[in-house]
Amino acid sequence: MRTFTKTYADPEAPRRALDHHRWIAHANPDVRIPAVVQVRPTAIDFEHIEGRHGTAGDLVTLAGLLGHQHTTAHIRDLHAARMDAPHISGDITIAGFADDRRGRLHHLLASGSVPGPALTREAIDGWLERAAMMPTVFYKDANPRNFLITGADVAVIDFDSLTLAPFGYDLAKLVVSTAMATGPLHEDAIRQAVDAYNRHPSRHGLPGCSWHEFAAWCEFHHILTAPYLGTNNYRFSWHIARPTYTTDTLRHFDKEWTL
Ligand SMILES: Nc1ncnc2c1ncn2[C@@H]1O[C@H](COP(=O)(O)OP(=O)(O)OP(=O)(O)O)[C@@H](O)[C@H]1O
Ligand SMILES: [Mg+2]
């Protein structure tokens, strides 16, 4: 079998990736992921999968896949998870949403290196508090390079990152990272992606992701992905590429909340 070898800096990282791979296989049994062929101390040989990376033209397809993955994982396993506590599933632990994320968001914002942030430190904490009350799904870094597409088939790759997250959080990663690679996205394309995503939770009576929440999660990803601008094919900063209605939505609601 042709393989793709991924190497890691230390032995802990492949151990974590293997746990995440096992959990995704269990939580999303009908989603294609590469088989693990061989494990070495600082490398994993995965089954090689043919395919191209995601593009702006794949947003609706990939959003639908994410909606399906998250809804299935919520129903099968994560319905009992608490957003801000590590979730233990058999011998696999998935980190909570706020755990490391709060510190990284605060640190990056305080550094002054994030161009045009739309959230303050207080707003970030407010959103983390609200997220703690939301149904739990997962974040697995849905950047467009973590999908391999051939015709109508989509495989999901890259098991390095996995944390708990609310509905829509990883969809926002897909949208922000796609816009950072290809430039501003049409408003309709983003709306269609959010609708395609929400169709899955709504079929099961789950709330999905509101516009307001989606706008906030995009701003989380803006802060967290800004350090990678200029790498990974990221040529556009979200503060240039973001549609104005996302920040308008945030301003509008935040004003209501403070009244
Ligand atoms: N199983 C696989 N079969 C074929 N190609 C793969 C496979 N796994 C990874 N790749 C290719 O290698 C790239 C990088 O792999 P991966 O996403 O796991 O690493 P990464 O360190 O996150 O890199 P990046 O930051 O570019 O996403 C993928 O975008 C894909 O093109
Ligand atoms: Mg990757």
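Criteria and thresholds
Residues numbered from 1 in each chain as written. Chains lettered and ligands numbered in written order. Predicted model: local features only at pLDDT ≥ 70, side-chain atom pairs only at ≥ 80, totals over all residues. Heavy atoms only, no water. Helix = DSSP H or I, 4+ residues; strand = E, 2+ residues; numbered from the N terminus. Rg over C-alpha atoms; globule rule 2.2 N^0.38 Å. Buried < 20%, exposed > 50% of the residue type's maximum accessible area, 1.4 Å probe, protein only. Contact = heavy atoms within 4.5 Å. Areas by Shrake-Rupley, 256 points an atom, 1.4 Å probe, with all protein chains shown as cover. Core = buried A, V, L, I, M, F, W, Y, C linked by side-chain atoms within 4.5 Å. Near = heavy atom within 4 Å. Polar contact = N/O pair within 3.5 Å; in protein donor to acceptor, adjacent residues only side chain to side chain. Nonpolar A, V, L, I, M, F, W, Y, C, P; charged D, E, K, R; others polar. Phe/Tyr/Trp six-rings, centres within 6.5 Å; stacked < 30°, edge-to-face > 60°. Expected span 1.5 Å × (residues − 1). Donors = N, O, S within 2.8 Å, 3.2 Å for Na, K, Ca; no water. Pairing = 2+ DSSP bridges. Axes fitted to C-alpha atoms, helices over the stretch in contact; angles between N-to-C directions. Salt bridge = Lys/Arg side-chain N within 4 Å of Asp/Glu carboxyl O.

Draft legend 1. Expanded view of the overall build of the chain. Across its full length, the chain carries nine helices and nine strands. In terms of overall dimensions, the chain is globule-like: its C-alpha atoms have a radius of gyration of 18 Å, near the 18 Å expected for 259 residues. If one aligns the C-alpha atoms of the chain with their principal axes, the spans along those axes are about 60 × 40 × 35 Å. With 259 residues in all, the chain has 53% of them scored as buried. Of the contacts formed within the chain by residues at least 6 apart in sequence, a portion of 76% connects residues at least 24 apart. Of the roughly 11,900 Å² of accessible surface on the chain, a fraction of 53% belongs to carbon and sulfur atoms.

Draft legend 2. The arrangement of the nonpolar core in detail. Grouped together as the largest cluster of nonpolar side chains are 77 residues, with contacts concentrated most on W23, F97, F147, F214, W217 and F220. With nine residues, the single largest contributor to this core is helix α5 (residues 169-182).

Draft legend 3. Summary view of the site of ligand 1. Near ligand 1, the surroundings consist of 14 residues, among which K6, I49, H53, R145 and D158 are the closest. In this structure, I49 approaches ligand 1 through a main-chain N or O atom, which is 2.9 Å from a nitrogen atom. At a separation of 2.8 Å, an oxygen atom of ligand 1 approaches a polar backbone atom of R145. Every element with two or more residues in the shell around ligand 1 is listed here: β1 (3-7) and β3 (43-47). Partitioning the shell around ligand 1 into residue classes produces six nonpolar, four polar and four charged.

Draft legend 4. Inspection of unusual backbone geometry at higher detail. The backbone phi angle of D158 is positive, close to 75 degrees, even though this residue is not glycine. Here D158 lies in the loop between β8 (153-156) and β9 (163-166). A relative accessible area of 19% places D158 in the buried class. Positive phi values are uncommon outside glycine, yet N232 reaches one of about 50 degrees. As for its placement among the helices and strands, N232 is situated in the loop between α7 (211-225) and α8 (238-241). Given a relative accessible area of 37%, N232 falls into the partly exposed group.

Draft legend 5. How the structure looks around the packing of aromatic side chains. According to the stated counting rule, one finds 13 aromatic pairs in the structure shown. Residues F97 and Y169 carry aromatic rings whose centres are separated by 5.0 Å and whose planes lie at 80 degrees to one another, so their mutual orientation is edge-to-face. In this pair, F97 is assigned in the loop between β5 (92-94) and α3 (101-111) and Y169 in helix α5, connecting sequence segments 72 residues apart. Overall, F97 belongs to the buried group, its relative accessible area being 1%.

Draft legend 6. Examining the environment of A196 more closely. With respect to the element layout, A196 can be found in helix α6 (residues 187-203). For A196, the contacting residues outside a window of four places in its chain are V60 and G64.

Draft legend 7. Local environment of helix α2 (residues 59-76). In a regular helix each residue adds 1.5 Å, so 18 residues correspond to 26 Å; α2 covers 25 Å between its end C-alpha atoms and thus fits that length. A large share of α2 lies buried, amounting to 13 of its 18 residues.

Draft legend 8. Inspection of the coordination of the magnesium ion (ligand 2) at higher detail. Every protein donor of the magnesium ion (ligand 2) is accounted for by N146 (OD1) and D158 (OD), and the metal-donor separations fall at 2.1 to 2.2 Å. A residue pair is termed long-range when its members are at least 10 positions apart, and N146 in the loop between β6 (136-139) and β7 (147-150) and D158 in the loop between β8 and β9 qualify at 12 residues.

Draft legend 9. Region of interest: the sheet that holds β3. Across the sheet, three strands lie side by side as β1-β3-β2; this open sheet has antiparallel pairing. At either margin of the open sheet sits one strand with a lone partner, and together these are β1 and β2 (36-40). Sheet twist, expressed as the mean angle between neighbouring strand axes with direction ignored, is 15 degrees.

Draft legend 10. The arrangement of the pattern of salt bridges in detail. Under the definition given, this model contains 14 salt bridges. The salt bridge partner of R32 is E47, with a shortest N-O separation of 2.9 Å. Taken together, the residues span a long stretch of sequence, with R32 in the loop between α1 (12-27) and β2 and E47 in strand β3 at a distance of 15 residues. For E219, the salt bridge is made with R242, and the minimal N-O distance between the two is 2.9 Å. Highlighted residues: E219 in helix α7 and R242 in the loop between α8 and α9 (244-258), separated in sequence by 23 residues. E219 gets classed as buried once you look at its relative accessible area, which sits at 1%. Residues joined by salt bridges that share partners form a network here, namely K6, D158 and D160.

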